[in-house]
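Structural characterization, general
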Amino acid sequence: AAEAFEAALVVDPVRIEAMRWLQGLAREGDDLEKLASWLAMESEVETDPRRRALVHARLGDAYRRAGKDDSARKSYEAALVSDPQQATALRHLAPLLRKEKEWKRLAGALETLARVEPDKHARVERLVMLGEIRSRRLDDKAGARGAFDEALAVEPDNLEALRGRAKLLDPKKETKEL
């Protein structure tokens, strides 16, 4: 079957349907190298920005599963160029940024992810993480407090957000809040 789809691509190199069938065959065979090559090819010919972002995110996933973090990161970043709110790319880019200690970029990714995250618990988790990064790594106490406050607006009894906010309070000026 793969030969027939590859032959179709020789005749028409922008035939996305054939690429998608080949991607499916590569997934079934757990051939991450071939999957990545077919996804990369599709990303070059896809004209719809949101679809192209999804393809880049899937390419990043294939690279990540193959242990190629640098290539995965480039693919996730390419996805965000096409669609800055591509949730899958943001979710998988965040740990790579954390690993590389790129705190400012991680804060930006978490902020965007918190806005697009459909699940309220996941959104709160992102906001708490954002508060911690801003507080501990970026020395942005006001930004950290804003993130914790936003998390508490969604989940008022979230202990991590309450603790994070409490750490930022000035006991001399804000005794009532403690």
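Here's a quick rundown of the structure.

Along its length, the chain carries 10 helices and 0 strands. Walking the chain from its N terminus toward its C terminus, one meets helices and strands in the order α-α-α-α-α-α-α-α-α-α. Intrachain contacts of the chain at a sequence separation of at least 6 include 39% that bridge at least 24 residues.

Let's shift gears to unusual backbone geometry. Outside of glycine, negative phi angles account for most residues, and trans bonds account for most peptide bonds. At D30, a position not held by glycine, the phi torsion is positive, near 55 degrees. Note that D30 resides in the loop between α2 (16-28) and α3 (32-45). Owing to a relative accessible area of 53%, D30 belongs among the exposed residues under this scheme. Positive phi, normally seen in glycine, also occurs at D139, with a value near 50 degrees. Structurally, the position occupied by D139 is in the loop between α8 (120-137) and α9 (141-154).

On to the pattern of salt bridges, then. What the rule picks out here adds up to 17 salt bridges. Note that E42 and R51 form a salt bridge whose closest N and O atoms lie 3.0 Å from each other. The pair formed by E42 and R51 is uniform in burial state, with each residue classed as buried. The closest approach of N and O atoms between D83 and R50, which form a salt bridge, is 3.7 Å. With D83 in the loop between α5 (69-82) and α6 (87-99) and R50 in helix α4 (residues 49-65), this residue pair connects regions lying 33 residues apart in the sequence. Accessibility expressed as a relative area gives 62% for R50, which makes it exposed. A single network of salt bridges, built from pairs that share partners, joins R73, E77, E102 and R105.

Moving on to helix α7 (residues 103-116). Given a rise of 1.5 Å per residue, 14 residues ought to cover 20 Å, and the 20 Å separating the end C-alpha atoms of α7 matches this to within 8%. By the burial criterion, the buried members of α7 are W103, L106, A107, A109, L110, T112, L113 and A114. Here the buried face of α7 lies against α6 and α8.

Definitions and limits used
Residues numbered from 1 in each chain as written. Predicted model: local features only at pLDDT ≥ 70, side-chain atom pairs only at ≥ 80, totals over all residues. Heavy atoms only, no water. Helix = DSSP H or I, 4+ residues; strand = E, 2+ residues; numbered from the N terminus. Contact = heavy atoms within 4.5 Å. Buried < 20%, exposed > 50% of the residue type's maximum accessible area, 1.4 Å probe, protein only. Salt bridge = Lys/Arg side-chain N within 4 Å of Asp/Glu carboxyl O. Expected span 1.5 Å × (residues − 1).

Interpretation in functional terms is not warranted from these geometric data alone.
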